[in-house]
Amino acid sequence: MSKKGFIFDLDGVIVDTAKYHFLAWKKLANGIGVDFTETQNEQLKGVSRVKSLEKILAWGNKTILQEEFNQLMAKKNEDYLSYIAKMDASEILPDVPKVLSYLIKEKQPISLGSASKNAREILKKVNLYQQFDAIVDGNDVSKAKPDPEVFLIAAKLLKIKPEDCIVFEDSVAGIQAANAANMISIGVGEKDVLQEADYVFSDFTEMENSFIEELINR
Ligand code: BG6
Ligand code: MG
């Protein structure tokens, strides 16, 4: 049986944390007098903490000293972690366990490929940590999505060639990273937003096991 590498983004794909990132960034942006819309938030999905704050400051035409920059990043994370603290398995997105179980049954290697530095903690909180053969997160990379580094490291850890890897992503930056890594990109979200993906599903409830089987055998 052929083996493929299945790489999952975390925020917005496995768990519904995208809403918490949004709330925390909105509070921070508004607190320094910068507007923050859902459309702008879309551009922060998959983007590292540092790059996200740089974008918000650019949108608001603000320049600040490094010290204040660091304080704002710490504040955002503190806020975000206050939401995470209350998380449990009920915040796993629909049918994610079904897909993971199927891949495990089919003996397919599975990795996380996330920009978040909180990824390991979140996976443990929702009880999915043990399901992954490899975990690559924001602590392991030097270049943020849309750079392919995070997914290329995951492929290496799984010992699967990049062209035999499949990436599940909810962000534009993540789909671009998967495409740049020469992997199959599967968007989880809206078709209009994730136009560059090879396939798009609104969520995992739309994805049949037969589709995954086709991916394994292609
Ligand atoms: C990504 C999120 O998964 O991780 C981004 O989509 C977030 O919104 C990024 O900025 C970094 O996460 P964290 O938890 O390290 O701030
Ligand atoms: Mg995401």
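Up top is the structure.
Cut-off values and rules
- Residues numbered from 1 in each chain as written.
- Chains lettered and ligands numbered in written order.
- Predicted model: local features only at pLDDT ≥ 70, side-chain atom pairs only at ≥ 80, totals over all residues.
- Heavy atoms only, no water.
- Core = buried A, V, L, I, M, F, W, Y, C linked by side-chain atoms within 4.5 Å.
- Buried < 20%, exposed > 50% of the residue type's maximum accessible area, 1.4 Å probe, protein only.
- Helix = DSSP H or I, 4+ residues; strand = E, 2+ residues; numbered from the N terminus.
- Domains from an automatic or database assignment.
- Contact = heavy atoms within 4.5 Å.
- Near = heavy atom within 4 Å.
- Polar contact = N/O pair within 3.5 Å; in protein donor to acceptor, adjacent residues only side chain to side chain.
- Areas by Shrake-Rupley, 256 points an atom, 1.4 Å probe, with all protein chains shown as cover.
- Nonpolar A, V, L, I, M, F, W, Y, C, P; charged D, E, K, R; others polar.
- Lys, Arg positive; Asp, Glu negative; His and termini not counted.
- Salt bridge = Lys/Arg side-chain N within 4 Å of Asp/Glu carboxyl O.
- Phe/Tyr/Trp six-rings, centres within 6.5 Å; stacked < 30°, edge-to-face > 60°.
- Lys NZ or Arg CZ within 6 Å of the ring centre and 35° of its normal.
- Donors = N, O, S within 2.8 Å, 3.2 Å for Na, K, Ca; no water.

1. Observations concerning the nonpolar core
Part 1 of the reasoning: Membership of the largest hydrophobic core comes to 38 residues, with the highest contact counts inside it found for F8, I14, F132 and F168.
Part 2 of the reasoning: With 5 residues, the single largest contributor to this core is helix 5 (residues 96-105).
Part 3 of the reasoning: Residue contributions to this core reach at least three from each of two domains, namely domain 1 (5-15 + 89-217) and domain 2 (18-84).
Part 4 of the reasoning: Other than its neighbours up to four places away in sequence, F168 contacts F6, I7, F8, D9, V13, I186, V188, F204 and M207.
Part 5 of the reasoning: Counting 15 residues, the second largest nonpolar core, distinct from the first, contains V136, V150, V167 and A178.

2. Concerning the site of ligand 1
Part 1 of the reasoning: Taken together, 15 residues surround ligand 1, and among them D11, R49, S116, K117 and N118 come closest.
Part 2 of the reasoning: Between an oxygen atom of ligand 1 and a main-chain N or O atom of G46, the distance comes to 2.8 Å.
Part 3 of the reasoning: Here an oxygen atom of ligand 1 sits 2.7 Å away from a polar atom, N or O, in the main chain of K117.
Part 4 of the reasoning: Relative to its unbound accessible area of 390 Å², ligand 1 is 97% covered by the protein chains.
Part 5 of the reasoning: Its residues placed into classes, the shell around ligand 1 shows 4 nonpolar, 7 polar and 4 charged.
Part 6 of the reasoning: Two domains share the shell around ligand 1, each providing at least three of its residues, namely domain 1 (5-15 + 89-217) and domain 2 (18-84).

3. Quick word on the side chain of K76
Part 1 of the reasoning: Mapped onto the secondary structure, K76 falls in helix 4 (residues 66-84).
Part 2 of the reasoning: One buried charged residue, K76, remains without a salt bridge, the closest side chain of opposite sign being D11 at 7.7 Å.
Part 3 of the reasoning: Look past the residues within four positions of K76 in its chain and what remains in contact with it is H21, A24, W25 and L28.

4. Description of the packing of aromatic side chains
Part 1 of the reasoning: The final tally for this structure, using the stated rule, is 10 aromatic pairs.
Part 2 of the reasoning: Between Y20 and Y83, the aromatic rings sit 5.0 Å apart at their centres with planes inclined by 5°, giving stacked as the arrangement. Of the two residues, Y20 sits in helix 1 (residues 18-31) while Y83 sits in helix 4, which places them 63 residues apart along the sequence.
Part 3 of the reasoning: For Y20, a relative accessible area of 12% gives the class buried.
Part 4 of the reasoning: Note on Y83: relative accessible area 26%, which makes it partly exposed.
Part 5 of the reasoning: One aromatic cluster is present, formed by F6, F8, F132, F168 and F204 through successive ring pairs.
Part 6 of the reasoning: Over the face of the ring belonging to Y80 we find K76, whose NZ or CZ atom lies 4.7 Å from the ring centre.
Part 7 of the reasoning: Over the ring of Y129 we find K124; its NZ or CZ atom is 4.7 Å from the centre of that ring.

5. Re the coordination of the magnesium ion (ligand 2)
Part 1 of the reasoning: Donor atoms from the polypeptide that bind the magnesium ion (ligand 2) are D9 (OD), D11 (O) and D170 (OD), placed at 2.0 to 2.1 Å.
Part 2 of the reasoning: Ordering the donors of the magnesium ion (ligand 2) by residue number gives the pattern D-x1-D-x158-D. Here D9 is found in the loop between strand 1 (5-8) and helix 1, whereas its partner D170 is found in the loop between strand 4 (165-169) and helix 8 (172-180), with 161 residues between them in sequence.

6. What to know about the pattern of salt bridges
Side chains that differ in charge, positive against negative, can pair when their charged atoms come close.
Part 1 of the reasoning: Tallied over the entire structure, the rule returns 11 salt bridges.
Part 2 of the reasoning: Put simply, K75 and D79 hold a salt bridge, and the shortest N to O gap is 3.6 Å. One end of the pair, K75, and the other, D79, are both in helix 4, 4 residues apart, so they sit about a helical turn from each other.
Part 3 of the reasoning: The exposure class of K75 is partly exposed, given its relative accessible area of 41%.
Part 4 of the reasoning: Residue class for D79 comes out buried when judged on its relative accessible area of 12%.

7. Considerations on the environment of E206
Part 1 of the reasoning: Structurally, E206 can be placed in the loop between strand 6 (199-201) and helix 9 (209-217).
Part 2 of the reasoning: Sequence separation between E206 and P94 is 112 residues; the distance between their C-alpha atoms is 9.9 Å.

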